[in-house]
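# Understanding the architecture of this molecule
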Amino acid sequence: MRQKTLKKIIISSLLLFLISAIFLLFPAGKASAFIRGENNEFAVGYDGFGNSPNEVYTISKDYYLYGDLYIQNSGELIISNSNFSISGNIIISGNGKLTIKNSKISILNLQDFHFYIRVVDNGQISFDNAVLGTNGFSSHMYVRNSARVDIKNSVLDTKKYAWLIANFINSSSLNVLNSEFPKEIIPDDKSVINVDNTNL
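Residues numbered from 1 in each chain as written. Predicted model: local features only at pLDDT ≥ 70, side-chain atom pairs only at ≥ 80, totals over all residues. Heavy atoms only, no water.

Quick look at the packing of aromatic side chains now. With the rule as written, the count across this model stands at 3 aromatic pairs. A centroid spacing of 5.6 Å and a plane angle of 75° characterise the contact between Phe42 and Tyr57, whose relative ring orientation is edge-to-face. One end of the pair, Phe42, is in strand 2 (residues 42-44); the other, Tyr57, is in strand 3 (residues 56-59), and 15 residues separate them in sequence. The exposure class of Tyr57 is partly exposed, given its relative accessible area of 26%. With a centroid separation of 6.1 Å and 75° between ring planes, the pair formed by Phe42 and Tyr63 is classed as edge-to-face. Highlighted residues: Phe42 in strand 2 and Tyr63 in strand 4 (residues 63-66), separated in sequence by 21 residues. Side by side, Phe42 and Tyr63 carry an identical accessibility label, which is buried. Grouped by ring-pair contacts, the aromatic residues Phe42, Tyr57, Tyr63 and Phe84 constitute a single cluster. (Phe/Tyr/Trp six-rings, centres within 6.5 Å; stacked < 30°, edge-to-face > 60°. Helix = DSSP H or I, 4+ residues; strand = E, 2+ residues; numbered from the N terminus. Buried < 20%, exposed > 50% of the residue type's maximum accessible area, 1.4 Å probe, protein only.)

Attention now goes to the sheet that holds strand 15 (residues 148-152). By definition, the strands of a sheet pair up through backbone hydrogen bonds, in either a parallel or an antiparallel sense. Strand order across the open sheet formed by 7 strands is 3-6-9-12-15-18-20, with parallel pairing between neighbours. Every other strand in the sheet has two partners, leaving strand 3 and strand 20 (192-196) as the edge strands with one partner each. Neighbour-to-neighbour, the strand axes of the sheet open up by a mean angle of 5°, direction not taken into account. As paired elements, strand 6 (residues 76-80) and strand 9 (residues 97-101) share 5 bridges and run parallel to each other. (Pairing = 2+ DSSP bridges. Axes fitted to C-alpha atoms, helices over the stretch in contact; angles between N-to-C directions.)

Ranked by size, the top nonpolar core spans 35 residues in total, and within it Leu98 and Ile125 carry the most contacts. Apart from the residues lying within four places of it in its own chain, the contact partners of Leu98 are Ile71, Leu77, Ile79, Ile90, Ile92, Gln124, Ile125 and Ser126. (Core = buried A, V, L, I, M, F, W, Y, C linked by side-chain atoms within 4.5 Å. Contact = heavy atoms within 4.5 Å.)

As a further point, take the sheet that holds strand 17 (residues 165-169). One open sheet holds the 7 strands; their spatial order is 2-5-8-11-14-17-19, and the pairing between them is parallel. Edge positions in the open sheet fall to strand 2 and strand 19 (184-188), since each of these has one partner strand only. Each neighbouring strand pair of the sheet contributes to a mean axis angle of 10°, computed without reference to strand direction. Pairing of strand 5 (residues 69-71) with strand 8 (residues 90-92) involves 3 bridges; the strand directions are parallel. When the sheet's bridge partners are listed, Leu69 is paired in strand 8 with Ile90.

This part covers the side chain of Ser80. With respect to the helices, strands and loops of the structure, Ser80 is situated in strand 6. Here Ser80 falls in the buried class, since its relative accessible area comes to 11%. Side chain to side chain, Ser80 and Asn81 meet in a polar contact 3.2 Å long. In contact with Ser80, not counting residues within four places along its chain, are Ile59, Ser60, Lys61, Lys101 and Ser103. (Polar contact = N/O pair within 3.5 Å; in protein donor to acceptor, adjacent residues only side chain to side chain.)

Note that Val176 resides in strand 18 (residues 173-177). Once the C-alpha coordinates of Val176 and Asn194 are considered, the two residues, 18 residues apart in sequence, prove to be 6.2 Å apart. In this structure, Val176 is in contact with Ile151, Phe181, Asn194, Val195, Asp196 and Thr198, ignoring residues within four places of it in sequence.

Let us now look at the pattern of salt bridges. For side chains of opposite charge, pairing can occur when their charged atoms come near one another. Scanning the entire structure with this criterion turns up 1 salt bridge. Ionic pairing is found between Asp150 and Arg148, a salt bridge with its closest N-O pair at 2.8 Å. By relative accessible area, Arg148 is classed as partly exposed at 38%. (Salt bridge = Lys/Arg side-chain N within 4 Å of Asp/Glu carboxyl O.)

In structure tokens form, the structure reads like this:
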């Protein structure tokens, strides 16, 4: 009888330890390969992981992503009222959309131009009352094939003179209103740049 009781206690303790370890390794607010994708990727609108290509996913809390962020097909990621940090690239394609409002998004580079933002093939990224920052290293934004970037009432942080070289190619567009958008903007091949009441 005593042996059975001891065995139950040991099993219960092991289960409790395993559950605690899972919460420590994968806390709430951290994307991992076990949640959204593979190889530490976070994918929105990609049906390869059982998601709808038209899905809309919202993050409204502080969040850290170690890995690349993909928004594809007609998927949309909304980051609202959040401090969102990413150690990886942001890739938006095929009518995918990233909306950032009332939030700060920080790209945590390990060196200049380590990570990038790529918006292609009708993809869109929108900043509204937002801050796009780095940890002191410069980054690159690459926009092509009718992709679009909208920046309204927002700031691109240039801490330690970091940020930003932005290339707009093949009928892509940049629309900036009432914002801080410094550094280099390079339009080419029928791209359109609209800037109003903004410091460049």
